Each structure stands twice: as C-alpha cells, then as structure tokens.
Amino acid sequence: LHAHGRGVPQDDREAARLFRRAANKGNAEAQCELGHRYASGRGMPQDDDEAARLYRRAAEQGHALGQYNYGQFHEQGRGVRQDDREAARLFRRAANKGHADA
C-alpha cells in the first residue's frame, strides 16, 4: 500500500521497511521487490550487491521474476561476476515458469 499510496500516503521508505520484513521471512515476492528497490535506489541507497543477494534468494525458491532478474544481473555483471552461461540458465528457468521476457 505504501509503495503505491493506496489508502495511505505514498512512502518509499516505509514500503521498503515492510518489504524487508516480509523478505526476511522468506517471501520471494518481497525479495524481488526489495531487490528492485536496491537496484534502483528507490527508498534506500542503491546497492547492486544487496539487490543480487535478494534476487538470488527469490530465484532459489523458484520465483520466475527472481530468476529473470538474477539472470539479468549475471548478464550485466551487476553485484555478481558477469557470467553469460549462468544468465542463460536462469533465463531458461524463468521462461519455463512462464516469464514472458525471459
């Protein structure tokens, strides 16, 4: 709700705090959202290493967007060593789960 201002004032910092709580409890969707916020610096300092760590956690749970985003980080060498083979593997896994961009 805070992320988009639905029924409450839009607040990136509060949204990030709530996503962090859910991510720490293993919620893959929250891990992806928090990873995106770290990758873009929205509501927190930009940090590719932390974004990659969160995307990896979501990807390991089989979350298609987490696999795709972690694949992009491997393709670009953001927060992880650049690795086209690992990127392709992750993109295939995301595609197999129905991610349209993979």
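Refer to the structure above for everything that follows.
All values reported here derive from a predicted model rather than from experimental measurement. Residue numbers run consecutively from 1 along every chain, following the written order of its sequence. With the structure being a predicted model, the display of local features is reserved for residues of pLDDT at least 70 and the display and counting of side-chain atom pairs for 80 or more, all residues being used for whole-chain, interface and lining totals. In computing side-chain values, all of the structure's heavy atoms are included and hydrogens and water are not.

Enquirer: Just to check I follow, could you spell out the environment of Arg-13 for this structure?
Expert: Here Arg-13 shows up in helix 1 (residues 12-24). Sequence separation of Arg-13 and His-74 is 61 residues, and the distance between their C-alpha atoms is 27 Å. Under the DSSP-based scheme used, a helix requires at least four consecutive residues in state H or I and a strand at least two consecutive residues in state E, with every element numbered from the N terminus.

Enquirer: Help me understand the nonpolar core, please; the structure alone is not making it clear to me.
Expert: Proteins that are soluble and globular tend to have nonpolar side chains buried together. By convention a nonpolar core is built from buried Ala, Val, Leu, Ile, Met, Phe, Trp, Tyr and Cys residues, the set being connected through side-chain atoms within 4.5 Å. Relative accessibility thresholds used throughout: buried, under 20% of the residue-type maximum; exposed, over 50%; partly exposed, between the two (1.4 Å probe, protein chains only). Of all hydrophobic cores here, the largest spans 15 residues; its most connected members are Leu-34, Tyr-38, Ala-51, Tyr-55, Tyr-70 and Phe-73. Elements represented by at least two residues in this core include exactly helix 1, helix 2 (28-40), helix 3 (48-60) and helix 4 (64-76). Per element, the largest residue contribution to this core is five residues, and it comes from helix 3. Residues contacting Leu-34, with those up to four places away along its chain left out, are Ala-16, Phe-19, Arg-20, Ala-23, Met-44 and Leu-54. The contact criterion used throughout is that any non-hydrogen atoms of two residues lie within 4.5 Å.

Enquirer: Please explain helix 1 as it appears in this structure.
Expert: Counted at 1.5 Å a residue, the expected span for helix 1 with its 13 residues is 18 Å, and the 18 Å between its end C-alpha atoms agrees. Of the residues making up helix 1, those classed as buried are Ala-15, Ala-16 and Ala-23. Buried positions in helix 1, seen along its axis, are confined to an arc of 100° and lie on one side of it. Opposite the packed face of helix 1, turned more than 90 degrees from it, sit the exposed residues Arg-13 and Asn-24. On the buried face of helix 1, the contacting elements are helix 2 and helix 3. In the stretch just after helix 1, Gly-26 is the one whose phi turns positive, near 95°. A helix's residues, less one, multiplied by 1.5 Å, set its expected span. Comment: arc refers to directions from the helix axis out to C-beta atoms.

Enquirer: Could you clarify how one ought to interpret the packing of aromatic side chains in this entry?
Expert: Classification of ring pairs uses Phe, Tyr and Trp, with its six-membered ring standing for Trp, and accepts pairs whose centres are within 6.5 Å; under 30 degrees between planes counts as stacked, over 60 as edge-to-face, and the remaining range as tilted. On inspection of all chains with the given rule, the structure shows two aromatic pairs. Centre to centre, the rings of Tyr-55 and Phe-73 are 5.2 Å apart; their planes meet at 85°, and the pair counts as edge-to-face. You can see Tyr-55 sitting in helix 3 and its partner Phe-73 sitting in helix 4, a full 18 residues away along the chain. The same class applies to Tyr-55 and to Phe-73, which are both buried. Pairing Tyr-68 with Phe-91 gives two aromatic rings, centres 5.4 Å apart and planes at 40°, and the pair type is tilted.

Enquirer: Can you walk me through helix 4 in this structure?
Expert: Helical geometry note: an α-helix holds 3.6 residues per turn, so side chains three or four residues apart project in the same direction. With 13 residues, helix 4 extends 18 Å from end C-alpha to end C-alpha; this agrees with the ideal 18 Å at 1.5 Å per step. Listed as buried for helix 4 are Ala-64, Gly-66, Gln-67, Tyr-68, Asn-69, Tyr-70, Gly-71, Phe-73 and His-74. Where helix 4 is buried, its residues touch helix 2, helix 3 and helix 5 (84-96). Where helix 4 ends, the next residue or the one after it, Gly-77, has phi of about 70°, a positive value.

Enquirer: Just checking my understanding: could you explain the pattern of salt bridges for this structure?
Expert: It is possible for side chains bearing opposite charge to pair when their charged atoms get close. By salt bridge we mean one thing: a side-chain nitrogen of Lys or Arg within 4 Å of a carboxyl oxygen of Asp or Glu. For the coordinates displayed, the defined rule picks out nine salt bridges. Across the pair Glu-14 and Arg-17 runs a salt bridge, and its minimum N-O distance is 2.7 Å. Here the residue Glu-14 and the residue Arg-17 both occupy positions in helix 1, the gap between them amounting to three residues, near one helical turn. With its nearest N and O atoms 3.5 Å apart, the salt bridge here joins Asp-83 to Arg-81. Salt bridges here are not isolated pairs; linked through shared partners, they connect Asp-12, Glu-33, Arg-37 and Arg-42.

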